[in-house]
Amino acid sequence: MIARVADGLPLAASIQEDEQSGRDLQQYQTQAKQLCRKLNAQSPDRCTLEAGDMNFHYLISQGVCYLSLCEASFPKKMVFAYLEDLHNEFHDQYGRKVPTVTRPYSFIEFDTYIQKTKKTYVDSRARRNLGSINTELQDVQRIMVANIEEVLQRGEALSALDTKASNLSSLSKKYRSDAKYLNTRSTYAKVAAVSVFFLTLIVYVRFWWL
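A short tour of the structure in this document, coming up. For clarity, every value in this text was computed on a predicted model and none was experimentally measured.

Comments concerning the overall build of the protein
Across its full length, the protein holds six helices and six strands. If you list the helices and strands of the protein from N to C, you get β-β-α-β-β-β-α-α-α-β-α-α. The burial tally for the protein puts 36% of its 210 residues in the buried class. Within the protein, contacts between residues at least 6 apart in sequence are counted, and of these 63% link residues at least 24 apart.

Here it is, written out as structure tokens:
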């Protein structure tokens, strides 16, 4: 699914039932729409949302969200490479029109490219060939991970979750800084104590011998 971040307006989509597993994707479609309405300019630009044995992965770039639903076992590296691929093509074709459209799924014809690209990434041989992808977005260890149900039920914007993560990171840095400061003070105190001892010893010796 591709949606405009400013208002959650769906721009294009390619959703099919999983006939092989018999999985009904209606629930996931509903969650995807709710998620897109919760995104804003402060939301993390890459995120993985766990949904049972499936995962939502999204990429936000230039005011547009590219959302994908995959089995939890599917490699993150491949998913975000796929989303980056969709972004590059979609922005080239429709980037200038995105801010002005008002009708949902105004670019539904983009489904053709989505389907073609999806096959490229799902095919096992293609996945082996694409396994060497090395771009900035492939630092998957730093991608935020949350639970889709918690995000939707709590009614909390993803930006708030990102803020909490940033706050924790800031606190961690503060603790490290404080620890370094205390260690430095401890070192100075030890040096000062040794200096006082030697100074006292010198004064005592001079007084004793004189």
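Let's talk about the environment of Ser73
Along the polypeptide, Ser73 turns up in the loop between β5 (64-71) and α2 (76-94). Sequence-wise, Ser73 and Asp53 are 20 residues apart; in three dimensions their C-alpha atoms are separated by 8.2 Å.

Brief notes about the packing of α2 against helix α3 (residues 111-122)
Between α2 and α3, the shortest axis-to-axis distance is 11 Å and the interhelical angle comes to 150°. It follows that α2 is roughly antiparallel to α3 by the angle criterion. Note on packing geometry: the crossing formed by α2 with α3 is right-handed. In this structure, α2 uses Met78, Ala81, Tyr82, Asp85, Leu86 and Glu89 to contact α3, whose residues at the interface are Tyr113, Ile114, Thr117, Lys118 and Tyr121. Across the contact of α2 with α3, the residue classes break down as seven nonpolar, one polar and three charged.

A closer look at the environment of Phe56
As for its position among the elements, Phe56 is in strand β4 (residues 54-61). Its relative accessible area of 2% is what places Phe56 among the buried residues. Taking the C-alpha atoms as reference, Phe56 lies 5.7 Å from Ser68; in sequence the two are twelve residues apart.

A few points about the packing of aromatic side chains
Within the structure shown, the criterion is met by nine aromatic pairs. One aromatic cluster is present, formed by Tyr66, Phe90, Tyr94, Phe107, Phe110 and Tyr113 through successive ring pairs.

Regarding the nonpolar core
Soluble globular proteins tend to pack their nonpolar side chains together in the buried interior. Counting 25 residues, the largest nonpolar core has Ile2, Leu11, Phe90 and Phe110 as the members making the most contacts within it. Secondary structure elements with two or more residues in this core: β2 (10-12), β5, α2 and α3. At nine residues, the largest contribution of residues to this core is made by α2. Discounting residues that sit within four places of it in the chain, Phe90 has contacts with Ile2, Leu11, Val64, Tyr66, Gly95, Val98, Phe107 and Phe110. Of all hydrophobic cores here, the second largest spans 18 residues; its members include Ala3, Tyr28, Phe56 and Ile60.

Details of unusual backbone geometry
A negative phi angle is the norm for most residues apart from glycine, just as the trans form is the norm for most peptide bonds. At Gln62, a position not held by glycine, the phi torsion is positive, near 55°. Of note, Gln62 is situated in the loop between β4 and β5.

Here's the deal with the pattern of salt bridges
Overall, the coordinates contain two salt bridges when judged by the stated rule. A salt bridge links Arg4 to Asp7, with the nearest nitrogen and oxygen atoms 2.7 Å apart. Residue classification places Asp7 among the partly exposed positions, given a relative accessible area of 43%. The closest approach of N and O atoms between Arg46 and Asp45, which form a salt bridge, is 3.7 Å. Note on Asp45: relative accessible area 41%, which makes it partly exposed.

Criteria and thresholds
Residues numbered from 1 in each chain as written. Predicted model: local features only at pLDDT ≥ 70, side-chain atom pairs only at ≥ 80, totals over all residues. Heavy atoms only, no water. Helix = DSSP H or I, 4+ residues; strand = E, 2+ residues; numbered from the N terminus. Buried < 20%, exposed > 50% of the residue type's maximum accessible area, 1.4 Å probe, protein only. Contact = heavy atoms within 4.5 Å. Axes fitted to C-alpha atoms, helices over the stretch in contact; angles between N-to-C directions. Parallel < 35°, antiparallel > 145°, perpendicular 65-115°, else oblique. Left-handed = near helix turned anticlockwise from the far one by under 90°. Nonpolar A, V, L, I, M, F, W, Y, C, P; charged D, E, K, R; others polar. Phe/Tyr/Trp six-rings, centres within 6.5 Å; stacked < 30°, edge-to-face > 60°. Core = buried A, V, L, I, M, F, W, Y, C linked by side-chain atoms within 4.5 Å. Salt bridge = Lys/Arg side-chain N within 4 Å of Asp/Glu carboxyl O.

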